[in-house]
Amino acid sequence: MFFLEQKTKPDKMGPTNTGFYKGLKQLVPIPDCNNHKFALIRGTKSAFLLSSQFYELLKNPVREGTETPALIAPEVNRLKTLGFWPENIIRHEISEKYISISLHLIHGCNLACTYCNVQQGTYGEPLSLMEDSTAYAAIDYLARIRNGRFPRLIFYGGEPLLNWKVLTRAAKKMTSLFPERSIEIVTNGTLIDRERAQFLADYDVFTILSMDGPKEVHDRNRPMKTGESSYEKAKEGLEYLKEAGVRFQIRATWAPQYACYDDVLVHLCGLAGNSRRVTLAIEFDKAGTKTIEEYNDILSDKYRQAEERRAELPNTIYQYLDQTLRADWAPVPRCEAGHAGFSITPQGDIYPCQVSVSKKKFKLGNVWGGINEQGKEKQKEFLESSFSMCERCWANTYCSGPCRYAKPLPDNWPYCKTVKLHIMEALKFIARTPSRDLLMTYQQPEISGEQFKAFEQGCALRDILWKHNHHIKPLSLCPQNGIST
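Rules of the game
The written sequence of each chain sets the order in which its residues are numbered from 1. Residue-level local features of this predicted model are given only where pLDDT is at least 70; pairs of side-chain atoms are given and counted only at 80 or more, and the full residue set underlies all totals for whole chains, interfaces and linings. Side-chain measures were taken over the full set of non-hydrogen atoms in the model, leaving aside hydrogen atoms and water. Helix and strand definitions here come from DSSP, where helices need a minimum of 4 consecutive H or I residues and strands a minimum of 2 consecutive E residues; each element is numbered from the N-terminal end. Using C-alpha atoms as the atom set, the radius of gyration is obtained and then compared with a globule rule of 2.2 Å times the number of residues to the power 0.38. Burial status follows relative accessibility: with a 1.4 Å probe on protein chains alone, a residue under 20% of its type maximum counts as buried, one over 50% as exposed, and anything between as partly exposed. Throughout, a residue-residue contact means that at least one pair of heavy atoms, one from each residue, lies within 4.5 Å. Counting rule for charge: Lys and Arg are taken as positive, Asp and Glu as negative, and neither His nor the chain ends is counted. Where a charge lies is defined by one atom per residue type, namely NZ (Lys), CZ (Arg), CG (Asp) and CD (Glu). Only rings of Phe, Tyr and Trp enter the pairing, Trp through its six-membered ring, and a pair is recorded when the two centres are within 6.5 Å. The plane angle decides the type: under 30 degrees is stacked, over 60 is edge-to-face, the rest tilted. A pair of strands is treated as paired once DSSP finds two or more bridges between them. For helices, the fitted line uses only the C-alpha atoms of the stretch in contact; every axis is such a line through C-alpha atoms, and the angle between N-to-C directions lies from 0 to 180 degrees. We define a nonpolar core as any set of buried Ala, Val, Leu, Ile, Met, Phe, Trp, Tyr and Cys residues linked to one another through side-chain atoms lying within 4.5 Å. Whenever a nitrogen or oxygen atom comes within 3.5 Å of another N or O atom, the pair is scored as a polar contact, on the condition that within protein one atom can donate a hydrogen and the other can accept it, and that pairs from neighbouring residues in sequence are kept only if both atoms are in side chains. For a helix, the expected span equals 1.5 Å multiplied by the number of residues minus one. In this context, the arc is that of the directions from the helix axis out to the C-beta atoms. A pairing counts as a salt bridge when a side-chain nitrogen of Lys or Arg comes within 4 Å of a carboxyl oxygen of Asp or Glu. Throughout this description, any angle smaller than 35 degrees is read as roughly parallel, any larger than 145 degrees as roughly antiparallel, any in the 65 to 115 degree range as roughly perpendicular, and the remainder as oblique. In a left-handed crossing the near helix is turned counterclockwise from the far helix by less than a right angle, and in a right-handed crossing that turn is clockwise. Residue classes follow a fixed rule: Ala, Val, Leu, Ile, Met, Phe, Trp, Tyr, Cys and Pro count as nonpolar, while Asp, Glu, Lys and Arg count as charged, and any other residue, Gly among them, counts as polar.

Undergrad: Explanation requested: the overall build of the protein chain in the structure shown.
TA: Secondary structure summary: the protein chain contains 18 helices and 16 strands in total. Relative to the globule expectation of 23 Å for 485 residues, the C-alpha radius of gyration of the protein chain, 25 Å, shows essentially globular dimensions. In terms of overall dimensions, the protein chain has C-alpha extents of about 80 × 50 × 45 Å along its principal axes. For the protein chain, buried positions account for 54% of its 485 residues. For the protein chain, restricting intrachain contacts to residue pairs at least 6 apart in sequence, the fraction spanning at least 24 positions comes to 69%. Of note, the protein chain has its 63 positive side-chain charges centred 3 Å away from the centre of its 56 negative side-chain charges.

Undergrad: Just checking my understanding: could you explain the packing of aromatic side chains for this structure?
TA: Aromatic ring pairs: the centre-centre distance and the angle between the two ring planes describe each pair. All chains considered together, the criterion is met by 10 aromatic pairs. Look at Phe362 and Phe382: their rings are 5.2 Å apart centre to centre, the planes differ by 70°, and that puts the pair in the edge-to-face class. Separated by 20 residues along the polypeptide, Phe362 in the loop between helix H13 (354-359) and strand S14 (365-366) and Phe382 in helix H14 (residues 373-384) bring together distant segments of the chain. Site record: aromatic cluster; members linked through ring pairs are Trp164, Phe199 and Tyr203.

Undergrad: Would you explain the sheet that holds strand S2 (residues 38-41) in this entry?
TA: Two modes of strand pairing occur in sheets, parallel and antiparallel, and in both the strands are linked by backbone hydrogen bonds. What the four strands build is an open sheet, ordered S1-S2-S3-S16; its pairing is antiparallel. Strands with a single pairing partner mark the edges of an open sheet, and in this sheet they are strand S1 (27-30) and strand S16 (472-474). Each strand axis lies, on average, 35° off the axis of its neighbour in the sheet, ignoring direction. Summarising the sheet, S2 and strand S3 (residues 47-50) pair through three bridges and their orientation is antiparallel. Opposite Leu40, over in S3, you have Ala47 as the bridge partner. Of the strands in this sheet, S1, S2 and S3 are in contact with helix H16 (residues 414-432), which crosses S2 at around 105°.

Undergrad: How should I be thinking about the nonpolar core in this particular structure?
TA: What tends to happen in soluble globular proteins is that the nonpolar side chains get buried as a cluster. Counting residues in hydrophobic clusters, the biggest one holds 99 residues, and the most contacted among them are Leu103, Phe155 and Met211. Ranked by the residues each element gives to this core, the list is headed by H16, at nine residues. Look past the residues within four positions of Met211 in its chain and what remains in contact with it is His218, Tyr231, Ala234, Lys235, Leu238, Ile250, Arg251, Ala252, Leu268 and Leu271. Among the nonpolar cores identified, the runner-up in size contains 20 residues, and Tyr21, Leu27, Ala39 and Phe54 belong to it.

Undergrad: I tried to follow the environment of Glu293 on my own but got confused; where do I start?
TA: As for its position among the elements, Glu293 is in helix H11 (residues 289-309). On a C-alpha basis, the gap between Glu293 and Thr418 in space is 8.5 Å, while along the polypeptide they are 125 residues apart. A distance of 3.2 Å separates polar atoms of two side chains, one belonging to Glu293 and the other to Lys417.

Undergrad: What am I meant to see in helix H18 (residues 449-468) here?
TA: One turn of the α-helix equals 3.6 residues, which is why residues spaced by three or four share an orientation. With 20 residues, H18 should reach 28 Å at 1.5 Å per residue; the first-to-last C-alpha distance of 29 Å fits that figure. Taken residue by residue, H18 has Phe452, Ala454, Phe455, Gly458, Cys459, Arg462 and Leu465 as its buried positions. Down the axis of H18, the sector holding all buried residues measures 145°, keeping them to one side. Seen from the open side of H18, the exposed residues pointing more than 90 degrees away from its buried face are Gly449, Glu450, Lys453 and Lys467. In this structure, the buried side of H18 is in contact with helix H4 (67-82), helix H12 (318-326), H16, helix H17 (435-439) and S16.

Undergrad: Can you walk me through the pattern of salt bridges in this structure?
TA: Where charged atoms from two side chains of opposite charge approach closely, those side chains can pair. By the definition in use, this model includes 21 salt bridges. Its salt-bridge partner being Glu184, residue Arg152 comes within 3.0 Å of it at the nearest N-O pair. Here the residue Arg152 occupies a position in strand S7 (residues 150-156), and Glu184 occupies one in strand S8 (residues 182-187), the gap between them amounting to 32 residues. A salt bridge links Glu243 to Arg194, with the shortest nitrogen-to-oxygen separation between them at 2.6 Å. With Glu243 in helix H9 (residues 231-244) and Arg194 in helix H7 (residues 194-202), the pair connects residues that are 49 residues apart, well separated along the chain. For Arg194, a relative accessible area of 48% gives the class partly exposed. What you see here is one network of salt bridges that share partners, running through Arg152, Glu184 and Glu336.

Undergrad: Help me understand the sheet that holds strand S15 (residues 370-371), please; the structure alone is not making it clear to me.
TA: In space, the 10 strands of this open sheet follow the order S11-S10-S9-S8-S7-S4-S12-S13-S14-S15, with mixed pairing throughout. Edge positions in the open sheet fall to strand S11 (278-282) and S15, since each of these has one partner strand only. Of the pairings in the sheet, the one linking strand S4 (residues 98-104) to strand S12 (residues 341-344) comprises four bridges and is parallel in character. Of the residues in S12, the one forming a bridge with Ser100 is Gly341.

Undergrad: Looking at this structure, I do not really get the packing of H7 against H9. What am I missing?
TA: Axes are the key here: two packed helices are described by the angle between their axes and the distance separating the axes. The contact between H7 and H9 brings their axes to 8 Å, and the two run at 45°. The orientation of H7 with respect to H9, classified from their angle, is oblique. Here H7 runs over H9; the crossing is right-handed. In contact with Arg194, Ala197, Gln198, Leu200 and Ala201 of H7, H9 contributes Tyr240, Leu241, Glu243 and Ala244. In the contact of H7 with H9, the residues fall into six nonpolar, one polar and two charged.

Encoded structure:
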């Protein structure tokens, strides 16, 4: 074997180089991944597929002069030369590229969802509507704090369509002020008609539609305030969106005690017409440990079916595929609240997020005066909250972590197992899928031609390494030495 012959050849990273052994100690083996052996460079998202020989070695202290590391040294040297073994940790915060505001057009809702985290859309307040002047001031505030970043406007509630006139005027101002921008809406869909759907299409408002499955399931979770069914109205709204050509995503919350996961997923995919337009997740804050374990078992089975039958992967995996393929060029996957995104109340007050508004915590300022000095202290306090258990976890560079309001975390929080399952399945999928197929993931409008060319170059380099390395192979498509995407 070629690299066995290399062990006596002088190499700047050979067994006499103590830096090489220190470098290996930065490689963290990922546990419990069946027959696959993976590792991460500590503090990065640079993942590798390892030979069994090398994996077993990493699980024990690596001593200088050990024969096996000497065999691996040329491989690591190649990885470093081509940029797949970063020596300097690169961190791209979401707030470096994007900035968003969520306009709470109304504190009020026409539904009474059983699991709502903002007090059924009321935020614990009497009904209140945002006025034109406040919406305009909020968008002007976004322009002031933009600083070259890509601007996003999100219509939020309660149910934002209950304040339709302000919504339309805000969308028009956003479009006139920013030639390139993103406008989104989170809605229950019950108030969408043909005219409103056409407006959303004309202004390219990406629509996140909340639906929870078949009629009996949806209505149990999401009844009208009057107690009546909301299913048919939401379904009709979806049909108007499809007819108008609106970009949309159905986002569902699964209640295991009331419905079969497959029944819900199949039904919603049928309504959407495309399984990639459906995201089905569990409400972790409300679900018990046993329930989430059942959810993890279902996901594991879905991943197994995808591997055996070449079936579609669960949509929940795609963010982790992206984090692995782009590695440290991908933005740090943490909640954007308070640094890349802010919630604006109907009165124009600025908060880090909708949960902060509901809890009446961390008011930062208002859209006319911006974040005041007291608000800056509160913002710092909000952003500095951390979880020591997360800092020690091998998956922390891929995981957004729990909500800042989740403290104290219970022991063995089952959400952690879910995230690790997604990460490990993403690694397995990338390891078994040809580079060219993975590259097609990025043939999307959001990726520029220049960026895609960088992916192609990285893809070609990685294929060279697939052929020549025997012990350690990169999973990233992107070298980390200067190809910014």
